[in-house]
Amino acid sequence: MESDEISSIRHRVAEAAVPLVHPGQIGVQDFDSYALIIDARSPHEYAEDHIPGAVNLPVVDDGEYAEVGTRHKTDKHAAYLIGVEYSLRNIADQIKPLISRYGPKDRFLVYCFRGGKRSRLWGDNLRIIGFEVDVLAGGWKRYREWVRTALSELSKTFEYRVLCGPTGCGKTRMLHELRRQGHQVLDLEELARHRGSLLGQIPGQSQPTQKFFDTLLLDTLRRFDTARPVWLEAESKKVGEVHLPEALYEAMHRSPVINLAAPMSARVKLWREDYPHFAVDPVAMVQKLEPLKPLVGKETLAQWMELARTRKVDDLFESVMRLHYDPCYARSTRRNYGVAVDGLTIELASLDQPALAGAVGQIVSEFNQ
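Below or above, wherever it landed, is the structure these notes cover. Here the structure is a predicted model, which means the values were calculated and not measured. (Residues numbered from 1 in each chain as written. Predicted model: local features only at pLDDT ≥ 70, side-chain atom pairs only at ≥ 80, totals over all residues. Heavy atoms only, no water.)

Considerations on the overall build of the chain
Defined as follows: Runs of E in the DSSP output that reach at least two residues are strands. Runs of H or I that reach at least four are helices, and both are numbered from the N terminus. Each residue gets one of three labels from its accessible area relative to the maximum for its type: buried under 20%, exposed over 50%, partly exposed in between, using a 1.4 Å probe on protein chains only. Residue contacts are defined here by distance: any two heavy atoms, one from each residue, within 4.5 Å place the two residues in contact. Using a 1.4 Å probe, the Shrake-Rupley method yields the accessible areas, and only the shown protein chains count as cover for residues.
Summing up its helical and strand segments, the chain has 17 helices and 11 strands in all. Over its C-alpha atoms, taken along the principal directions, the chain stretches across nearly 70 × 70 × 35 Å. Evaluated residue by residue, the chain yields a buried proportion of 47% over its 369 residues. A sequence separation of at least 24 residues applies to 72% of the contacts in the chain between residues at least 6 apart. With the model as given, the accessible surface of the chain reaches about 18,700 Å², and the carbon-plus-sulfur share is 53%.

Considering unusual backbone geometry
Unlike most non-glycine residues, Arg193 shows phi in positive territory, near 50 degrees. You can call Arg193 partly exposed: its relative accessible area is 28%. Here the phi dihedral of Arg311 falls at roughly 60 degrees; this positive angle occurs in a residue that is not glycine. Of note, Arg311 is situated in the loop between α15 (298-309) and α16 (313-337).

What about the sheet that holds strand β2 (residues 55-56)?
Worth spelling out the cut-off: Here, any two strands with at least 2 DSSP bridges between them count as paired.
Pairing within the open sheet is parallel, and its four strands lie in the order β2-β1-β3-β4. Strands at the two margins of the open sheet, each flanked by one partner only, are β2 and β4 (132-135). One ladder, built from four bridges, connects strand β1 (residues 36-39) with strand β3 (residues 107-111); its direction is parallel. Looking at β3, one finds that Ile38 is bridged to Val110.

Considering the nonpolar core
This is how the line gets drawn: Residue types Ala, Val, Leu, Ile, Met, Phe, Trp, Tyr and Cys, when buried and joined through side-chain atoms within 4.5 Å, form a set referred to as a nonpolar core.
With 47 residues, the main nonpolar core has Phe31, Ile51, Tyr143, Trp146, Leu186, Leu188 and Leu217 as its most contacted residues. Those elements that provide at least two residues to this core are β3, α6 (139-154), β5 (160-164), α8 (188-192), α9 (210-221), β7 (230-233), α10 (246-253) and α16. Apart from residues no more than four positions distant in its own chain, Leu188 is found in contact with Phe213, Leu217, Leu232, Glu235, Leu244, Leu248 and Met252.

Overview of the pattern of salt bridges
Test applied: Every case where a carboxyl oxygen of Asp or Glu lies within 4 Å of a side-chain nitrogen of Lys or Arg is listed as a salt bridge.
Per the stated rule, a full pass over the model turns up 25 salt bridges. Note that Arg322 is salt-bridged to Glu318, the shortest N-O span being 2.8 Å. Highlighted residues: Arg322 and Glu318, both in helix α16, separated by four residues, approximately one helical turn. The exposure class assigned to Arg322 is partly exposed, which follows from its relative accessible area of 48%. Residue classification places Glu318 among the partly exposed positions, given a relative accessible area of 28%.

Focus: helix α7 (residues 171-180)
All of the buried residues along α7 are Lys171, Arg173, Met174, Leu175, Glu177 and Leu178. Phi for Gly182, located one or two positions after α7, is positive at around 95 degrees.

A look at the side chain of Asn56
Where we set the bar: In protein, a polar contact requires one atom able to donate a hydrogen and another able to accept it; more generally it is a pair of N or O atoms within 3.5 Å, and residues adjacent in sequence count only if both atoms are side-chain atoms.
Tracing the chain through its elements places Asn56 in strand β2. Of the polar contacts made by the side chain of Asn56, one reaches the backbone oxygen of Asp39; its length is 3.1 Å. Within the structure, the side chain of Asn56 is placed 3.0 Å from the backbone oxygen of Arg41, a separation counted as a polar contact.

Notes on the sheet that holds strand β6 (residues 184-185)
Counted only if it meets this: Between N-to-C directions, angles cover 0 to 180 degrees, with each direction set by a line fitted to C-alpha atoms, over the stretch in contact for helices.
Read from one edge of the open sheet, five strands run β6-β7-β5-β10-β11, paired in parallel fashion. Of all strands in the sheet, those bounded by a partner on one side alone are β6 and β11 (345-347). Across three bridges, β5 lies against strand β10 (residues 257-261) in parallel orientation. Bridge pairing in β10 places Cys164 opposite Asn259. On top of the sheet, α7 reaches β5, β6, β7 and β10; it is set at about 160 degrees to β7, its chief contact. Where helix α17 (residues 353-368) meets the sheet, it contacts β5, β7, β10 and β11, and its direction lies at approximately 150 degrees from that of β10.

Here it is in structure tokens:
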């Protein structure tokens, strides 16, 4: 018989081989293994949230869905008649342009809201053609419950490394350089499509819904190796309009931090490069800062507007950072991380890529001491 020690080792190895979070927990294969994932729900349901990589092939579109629902309240038979008519027509419209691209060995995943009629309509027809088809039992509703539970559990398992520092000191750029050099990076602003704060909206991009942000966050975290640290920058509980999971937010605040610092001239240069729309239209920038009047006072806002109207952009950027962002960030970081913020500070003479690349080694080695 094998010893208790060997048995324990085998058990730990077996546990390590099984991911903490896997779609098998909701009865399907890894999402990446499917040739095609079909979201059979209506477009507005898909827009709110969907499995990563899923294609929206609605059995009924938004208007048809509403019509079937209205009829169902008074005449279920008529509702099913019109619903099936719409469904078969919509499915047929997708056979030649999309489904015909796939071969008989391809495996599909199909889901709808609860894994009911809309899933079966797609699943049955695809099986008739000869495809292997998995239907997500419980549908998107079950998937969403899995996402929420998995985020709560998975967020606690990583060892995080948090980059702190005032606005414009290159935290996001440093994350990108860490990622380029092979480190695990969780860029929350990238997932949220927002840079945080009143000025964080990215031109031409809308934020994901809260549910889809959760989906993107889980999809990122579950691809990480839990034995390696995850790098991220200090964020507020909200990034734009989306909230961080409570478990992740709390884990960040229990993590070691490193401060980045850079000369004001480098920070202003970064703002010019990363916020070019405000350099072009500084008045619009100051207008976005109007809600700060109770904090900074109307005189300061008036000074900012004068700088904007006279196009003294560098002076404006510097003043906004010195008078608002720097003291605000210092208070919030002290409140969230306590004495940890008194730790190591890395002084960056430049925020250009070569300088950041050279600083990565120092940052990593400091954390590993």
